[in-house]
Structures are given as C-alpha cells and as structure tokens.
Amino acid sequence: MSFFVQFILIMYFYSYVYLFLPERVRYLLISLSQKGNTLYNVVPDIISRLSNPDREEKIPTTSFNRILSFVLGLLGKERQNDLLVEKLCSRLQESNNETQWCQLSFCLLQLNYSEKSLKKLIDSIPMLHERLLCSEVYSALQSIFNTALKSHFTKPQLKELATEGHSLLEEILMGKEGKEKKDDDDATFLEPKTPRVPPRSERKVRSSARKTEPSTPRTSRLRASRARKL
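All values derive from a computational prediction rather than experimental measurement. Here the residue index of a chain counts from 1 through its sequence in written order. The model is predicted, so local features are restricted to residues of pLDDT at least 70 and side-chain atom pairs to those at 80 or more, both for listing and for counting; the totals for chains, interfaces and linings are taken over all residues. By convention in this description, side-chain values take in all heavy atoms of the structure and omit both hydrogens and water.

J.: Would you explain the state of the cysteines in this entry?
T.: A covalent bond bridging the sulfur atoms of two cysteines is what the word disulfide describes. By definition, disulfides here are pairs of cysteine sulfur atoms that lie within 2.5 Å. In the structure shown here, the tally under the stated rule is zero disulfides. Here C134 is not cross-linked by a disulfide; its sulfur's nearest cysteine counterpart is in C102, at 3.8 Å. Accessibility expressed as a relative area gives 4% for C134, which makes it buried. Under the scheme applied here, a residue whose accessible area is under 20% of the maximum for its type counts as buried, over 50% as exposed, and between as partly exposed, the area being computed with a 1.4 Å probe on protein chains only.

J.: I tried to follow the confidence of the model for the chain on my own but got confused; where do I start?
T.: Caution applies to low-pLDDT regions: their predicted coordinates should not be interpreted in detail. For the chain, mean pLDDT is 77; residues scoring 70 or higher make up 65% of the total. Each residue carries a pLDDT score, the predictor's confidence in it, ranging from 0 to 100. Helical segments are the DSSP runs of H or I of at least four residues, strand segments are the runs of E of at least two, and each set is numbered from the N terminus. The spread of mean pLDDT over the elements of the chain runs between helix α10 (residues 200-211), the lowest at 52, and helix α6 (residues 98-109), the highest at 96.

J.: What is the right way to look at the packing of helix α4 (residues 61-72) against α6 in this model?
T.: When two helices pack together, their arrangement is captured by the angle between the axes and the distance separating the axes. At their nearest, the axes of α4 and α6 sit 10 Å apart, and the two run at 30° to each other. As far as their axial angle goes, α6 and α4 are roughly parallel. Pair α4 / α6 crosses with right-handed handedness. Note on element contacts: α6 touches α4 through Q103, F106 and C107, opposite F64, N65, L68, S69 and L72. Residues are grouped as follows: Ala, Val, Leu, Ile, Met, Phe, Trp, Tyr, Cys and Pro are nonpolar; Asp, Glu, Lys and Arg are charged; all remaining types, including Gly, are polar. Looking at the contact of α4 with α6, its residues break down into five nonpolar, three polar and no charged. Orientation is described by axes fitted as lines to C-alpha atoms, over the contacting stretch for helices, and by angles from 0 to 180 degrees between their N-to-C directions. Geometric relationships in this document are graded by angle, where less than 35 degrees denotes roughly parallel, more than 145 denotes roughly antiparallel, 65 to 115 denotes roughly perpendicular, and other angles denote oblique. By the definition used in this description, the sense in which the near helix is turned from the far one sets the handedness, with an anticlockwise turn below a right angle giving left-handed and a clockwise turn giving right-handed. It only takes one pair of heavy atoms within 4.5 Å for two residues to be counted as in contact.

J.: Could you clarify how one ought to interpret helix α3 (residues 38-50) in this entry?
T.: Residues three or four positions apart in an α-helix share a direction because the helix packs 3.6 residues into each turn. The length a helix should cover is 1.5 Å for every residue beyond the first. Taking 1.5 Å of rise per residue, 13 residues should cover 18 Å, and α3 covers 19 Å from first to last C-alpha, within 8% of that figure. Among the residues of α3, those classed as buried are L39, Y40, V42, V43, P44, I46, I47 and L50.

J.: Looking at this structure, how should I read α6?
T.: Spanning 12 residues, α6 covers 17 Å between terminal C-alpha atoms, matching the ideal 16 Å at 1.5 Å per step. Along α6, the positions that sit buried rather than exposed are Q100, W101, Q103, L104, S105, F106, C107 and L108. Each element contacted by the buried residues of α6 is listed here: α3, α4, α5 (78-94), α7 (115-124) and α8 (135-150). Here a polar contact is taken to be a pair of N or O atoms separated by no more than 3.5 Å, where protein atoms must pair a possible hydrogen donor with a possible acceptor and residues adjacent in sequence count only if both atoms sit in side chains. Between the side-chain oxygen at the start of α6 and the backbone nitrogen of T99 there is a gap of 3.0 Å, and the oxygen is on N97.

J.: Sorry if this is basic, but what is going on with the pattern of salt bridges here?
T.: Side-chain pairs of opposite charge can arise where the charged atoms are in close proximity. Every case where a carboxyl oxygen of Asp or Glu lies within 4 Å of a side-chain nitrogen of Lys or Arg is listed as a salt bridge. Evaluation of the coordinates by the stated rule reveals four salt bridges. Between E86 and K120 there is a salt bridge, with its nearest N and O atoms 3.0 Å apart. Taken as a pair, E86 in helix α5 and K120 in helix α7 lie far apart in primary sequence, 34 residues in all. On the accessibility criterion, E86 (42% relative accessible area) is partly exposed. Across the salt bridge formed by E130 and R131, the nearest N and O atoms sit 3.4 Å from each other. Overall, the relative accessible area of 39% leaves E130 in the partly exposed class. Note on R131: relative accessible area 4%, which makes it buried.

J.: Whenever I open this one, the nonpolar core confuses me. Can you help?
T.: For soluble globular proteins, the rule of thumb is that nonpolar side chains tend to be buried together. L68, L72, L108, L118, L121, L141 and F145 are the most contacted members of the largest nonpolar core, which totals 51 residues. For this core, the elements supplying multiple residues, two or more each, are α2 (23-33), α3, α4, α5, α6, α7, α8 and α9 (157-189). Beyond its immediate chain neighbours, meaning those up to four positions away, L108 contacts V85, L88, C89, L92, Y113, L121 and I144. Buried Ala, Val, Leu, Ile, Met, Phe, Trp, Tyr and Cys residues form a nonpolar core when they are joined through side-chain atoms within 4.5 Å.

J.: Honestly, the environment of S124 in this entry has me stumped. Any pointers?
T.: Relative to the helices and strands, S124 is located in helix α7. Measuring from C-alpha to C-alpha, the distance between S124 and S90 comes to 7.9 Å, with 34 residues separating the pair along the chain. If we ignore the near neighbours within four places in the chain, the residues touching S124 are C89 and Q93. A polar contact is formed between the side chain of S124 and the backbone oxygen of L121, at a distance of 2.7 Å.

Here it is as structure tokens:
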C-alpha cells in the first residue's frame, strides 16, 4: 500500500472518531484532488476499507457519510466519476452485507452523472437482485434518476435515460414482489393435507352406534322370512 493511502486512512480513522474532518486532512485531500488522478486512485481503497463489514472498528453511518460526501465531492472530472460508478456498481453486486449496500449506494448518490455513467448504472440494475428491496438502495437510485430528470435543461440527453431508469426500477421491483407473493401462494397450495384420524373414543362410539342401530320394518320382514325358511 502506498504512503498516501496509509496516511489518508490513518487520518480518516482519526477524523471519524471526532465526527468531522480535521482542517489538515481537508487541505491534504484538496491538494491531492488538484494533482491529476492522485485522489481518484486512492478513493476506491478508502471506500473499501471504511465499508468493510469485517473490520473490527465499525464506523458509524453518520461519520461514513460525512467523510465520503466530502471526498467524492472533490472528484470533478467526468471520467473519474464514470469509472467510479462502474466500480461501485460492481462492488454492490458482489456484496452480501446489507450495511455495505447502504454505504455503497450512498457513495453512488454523491457522484455527478454523465450519459455514460447513467447508462452503466441502469445496466447494473438487473444484477442487483434482492439489494433493490433494501429501502436505502432503492431510495438512492430513485434520487439519482430524479436529479438527472431535473438537469434536463443543461443535459437534455439524461432525461430519457432517467425515465428509463425509473421504469426499470419499478418493473423489477414489482416483479420481485409478485414472485414473492406467488411463492407464498404456491407454498400454501402445495402444503400436504394430513387426513384427519378420529380419536379412539370417537371410533368406539361410531362402532357401538352401528351395532345398536334400530331395526326398520324392512329389516324386520327380512328376518321373519329367513326364520320361516329355517
């Protein structure tokens, strides 16, 4: 790991304990953002380490959001945002931790979207599966598309993509909810029905009732006819 990454991670650990970014860290990050791709090159590692579900020191959500909101806001180049969207979508697809889903979707929400990056986000939606059922993930994606819709005056090409993204989200979500309901209905329909076995006392009562069944006129005539033949 490079010296820059180690230094930034140490300073970030210090900063989130006090719930704010110290002035020296802010200055360092701003300086790095002005040196080509220097800041961009360490951002994926920062996100990976701070959102790691296996880390011993769990970072509070408010601290994570505060730190990444500032850092990602320094990435002004369109290409940097496009590449980071692709990396975050890939990590979100691979993650099996709900807390990490929320953190990665928050990072996606902080980025600026071009036509290229919005297409990448839309293409990744079908692969998110159950992550879309997480309210934080779903809300973040909805907010991204809503922002794109509002920017149609400056970026008219985003309006059509944002509309497509909204429709895809609704379609997939409705399909998942419908499938869950169908699975529940199928499970209920296919549940084997165990035949009711009457208790022993009830069986005895029925048996004795058949033995003591009263004679009808027809049965009396049959008995009398058999007696004469004998």
